[in-house]
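Overview (structure and organization)
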Amino acid sequence: MNEPTLQTELAVLNQISRALIRHHEVGEIVQEVLDILYREMGLQRGTVTLRSGNELRIAASHGLSDAERARGRYLLGEGVTGKVAQTGKSALIPDISADPNFLNRTGTRKSGEKIAFLCAPVIHDDKVIGTMSIDRQVTPVSDLKRDLNLLEIVTNILADAIDGCRQKIAEREHLIEENRRLQEELEKIQKPGNIVGNCHAMREVYAMIGQVAPSSATVLIRGSSGTGKELVARAIRYASRRRDRCFVVVNCAALPENLVESELFGHEKGAFTGAVARRIGRVEAADGGTIFLDEIGDLGLSMQVKLLRFLQERTFQRVGSNEERKVDVRVLAATGRDLEKLMAERLFREDLYYRLNVFPIQLPDLSDRKSDLPQLAEFFLEKFNRDHKKNVRRISASAMNMLLAYHWPGNVRELENTVERAVLTSRDGVIHSYNLPPALWECGGATVGGAAGTLPPTGGGEEGLAAAMAKYERELICDALKMHRGNVAAAARRLKSTPRILHYRLAGLGIDPADFRR
């Protein structure tokens, strides 16, 4: 065992300064410092604790097993370590077996073993952020006070690095907590069984999800805006081995081009104007989990090169750093753009395209899966009844016909918004055609005042204006009769008409009020 001398202390400080230059990961720095103290000072055990709220946890150690490290938790003011963190003053225990304040929480010290315990606070910006402690055998020539002074110097040197370690742990814990908090809600929409639709095209999508989910292959999800690309990405993640790890979404189109690299790969402090602190990127935050790159076709060419390298090697560099970092992350990407056309125009790199296009999944437009539309509409009807505390029971036949006739350029997202609007405007528990937005009518223009409100223009179309007007009139009358169980007088009052005129129209349209009394 080495006893403290000026030469030993200088050797310790020299090696620590080299470690700070050589390593950039704070965990590696702290671990090497403990190893240096072991080699040069002969410590038996050493720990670095970090403060989180009112609790201290061991973040790095020498001479402790994983189980012993896990037991090393102290409340502020509890035991020697807790009191050092609470007061900000170092502590020296010449013989831990004779001091009642020493808890031996990790269970590493043997009963009756004469060991000295030295503990110094780690202070950053005048706040105690943790402690560093060492166990030292006592000999007749031991100078424990000198050892404690050296330990205090070491903690002062490492304060910035240890604070970086604390911030990194806090960032990861925040991401884990956020992921856990959203898990219950996400599970409802992540399962393929909860993706609504049973047409042939969607069954093929479900089959592809089942094939690719267990692997780590890159997936390129293609489809028009509003077809549910992110929903499919979540379904793949949910069915994979990474389902309990983080899921990070990056909308490439929403990020300014000059910030995309920093957002994806992070940056070091001072890397550019406004970079006042180190920040980990989305890729690093997703380590061990899945990252979803939405709207990948909107990336600029310069960023495409850096993304290509990351996809090939799973390594990256933070902005302002030359250090290569490696992560274990699965990449899912999506786009609604024609990548082949972009490649022909030299706006998208071919090598990136082939790197992404390992397992493509093409989602159909809603106009190509009309058989799923009634099921989707009913799903959204139930959803918005719950969300808005409404009691809309059904969608009328004419309204459903309009939904089926529309071409849906906004796909499922547009249908969702349409049903929400209809639920909010419905007054009688039924979605009528006049509850649907004007875009669903064949063409815009004039409006006609009607009994139930404003009649949306139907336009000429193939069936002609007269047929369209008759269809709308039939719907109004049938809905009124349904509401009043075939009572013609009550239906006439609702339509602001008279029973005589209504009987005339019923005869002309071939409607029997008795059909509504059942």
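See the structure above.
Residues numbered from 1 in each chain as written. Predicted model: local features only at pLDDT ≥ 70, side-chain atom pairs only at ≥ 80, totals over all residues. Heavy atoms only, no water.

Another aspect to go through is the overall build of the protein chain. Along the protein chain, the regular secondary structure elements total 18 helices and 19 strands. Per-residue burial for the protein chain yields a buried fraction of 47% across its 518 residues. When contacts within the protein chain are restricted to residue pairs at least 6 apart in sequence, long-range pairs at least 24 apart make up 66% of them. (Helix = DSSP H or I, 4+ residues; strand = E, 2+ residues; numbered from the N terminus. Buried < 20%, exposed > 50% of the residue type's maximum accessible area, 1.4 Å probe, protein only. Contact = heavy atoms within 4.5 Å.)

With that settled, the discussion passes to the pattern of salt bridges. Per the counting criterion, the structure on display carries 21 salt bridges. Two residues, E340 and R222, come together in a salt bridge whose shortest N-O distance is 2.9 Å. Of this pair, E340 sits in helix α11 (residues 339-344) while R222 sits in strand β7 (residues 219-222); the two residues are 118 residues apart in sequence, bridging distant segments of the chain. When the shortest N-O distance is used, the salt bridge between E263 and R282 registers 3.1 Å. On the criterion of sequence distance, the pair formed by E263 in helix α8 (residues 260-265) and R282 in helix α9 (residues 282-285) is long-range, its members being 19 residues apart. (Salt bridge = Lys/Arg side-chain N within 4 Å of Asp/Glu carboxyl O.)

Right, let's talk about the nonpolar core for a bit. Taken as a class, soluble globular proteins show a tendency for nonpolar side chains to be buried jointly. Ranked by internal contacts, the top residues of the largest apolar core, which has 32 residues, are L264, I291, L293, I296 and F310. Residue assignment for this core shows that the elements contributing at least two residues are β8 (247-251), α8, β11 (290-294), α10 (301-313), β14 (330-335), α11 and α12 (350-356). If you tally residues by element for this core, the top one is α10, at five residues. When near neighbours in sequence (up to four residues on either side) are disregarded, I291 contacts V248, V250, L264, R282, V283, A286, V329, R330, V331 and L332. Within the second largest apolar cluster, 29 residues are counted, among which are V48, L144, L150 and V154. (Core = buried A, V, L, I, M, F, W, Y, C linked by side-chain atoms within 4.5 Å.)

Taken together, six strands build an open sheet; the order of strands is β3-β2-β1-β6-β5-β4 and the sheet is antiparallel. This sheet does not close on itself; its edge strands, each paired only once, are β3 (73-75) and β4 (91-93). Neighbour-to-neighbour, the strand axes of this sheet turn through a mean angle of 20°, independent of strand direction. Two strands pair when backbone bridges link them, and strand β1 (residues 45-52) and strand β6 (residues 127-137) are joined in this way by six bridges, in the antiparallel orientation. For R45, the partnering residue across the bridge sits in β6 and is D135. The sheet contacts of helix α4 (residues 79-87) involve β1, β2 (55-62), β3, β4, β5 (115-124) and β6, and relative to β5 the element is tilted by about 30°. (Pairing = 2+ DSSP bridges. Axes fitted to C-alpha atoms, helices over the stretch in contact; angles between N-to-C directions.)

Burial runs high along β1: six of the eight residues are buried. Across seven bridges, β1 lies against β2 in antiparallel orientation. Bridge pairing in β2 links T49 to I58.

The next subject is the pairing of β2. Within β2, six of the eight residues are buried, which leaves it mostly tucked inside the rest of the structure. As consecutive antiparallel partners, β1 and β2 are separated by two residues, and within that stretch G53 has a phi angle of approximately 65°, a positive value.

The next point concerns the packing of aromatic side chains. Here a ring pair, both rings aromatic, is described through the centre-centre distance and the interplanar angle of the planes. Overall, the coordinates contain eight aromatic pairs when judged by the stated rule. Judged by centre distance (5.9 Å) and plane angle (55°), the ring pair of F265 and F310 falls under tilted. With F265 in helix α8 and F310 in helix α10, the pair connects residues that are 45 residues apart, well separated along the chain. For F265, a relative accessible area of 3% puts it in the buried group. Among the residues examined, F310 registers a relative accessible area of 2% and is labelled buried. On the basis of an interplanar angle of 85° and a centroid distance of 4.7 Å, the ring pair of Y406 and W408 is categorised as edge-to-face. Since its relative accessible area comes to 1%, W408 is described here as buried. Site record: aromatic cluster; members linked through ring pairs are F265, F310 and F316. Here the guanidinium or amino end of R243 rests over the ring plane of Y238, the centre of that ring lying 3.8 Å away. If you follow R314 out to its NZ or CZ, it ends over the ring of F310, 5.7 Å from the centre. (Phe/Tyr/Trp six-rings, centres within 6.5 Å; stacked < 30°, edge-to-face > 60°. Lys NZ or Arg CZ within 6 Å of the ring centre and 35° of its normal.)

Attention shifts here to the sheet that holds β11. Read from one edge to the other, the open sheet built from five strands follows the order β8-β11-β14-β7-β15, with strand pairing classed as parallel. Because the sheet does not close on itself, it has two edges, and the strands there are β8 and β15 (359-362). Across the sheet, the mean angle separating the axes of adjacent strands is 20° when strand polarity is ignored. Bridge count for β7 against β14 is four bridges, and the pairing is parallel. Residue pairing in the sheet places I221 in a bridge with A334 of β14. Against the sheet, helix α6 (residues 200-212) contacts β7, β14 and β15, and its axis sits at roughly 155° relative to β15. Across the sheet, helix α7 (residues 229-238) is in contact with β7, β8, β11, β14 and β15; its angle to β7 comes to roughly 150°.

Let us look at the side chain of R222. Judged by its relative accessible area of 12%, R222 falls in the buried class. The residues contacting R222, other than those within four sequence positions of it, are K229, T335, R337, D338, L339, E340, Y353, I361, Q362 and L363.

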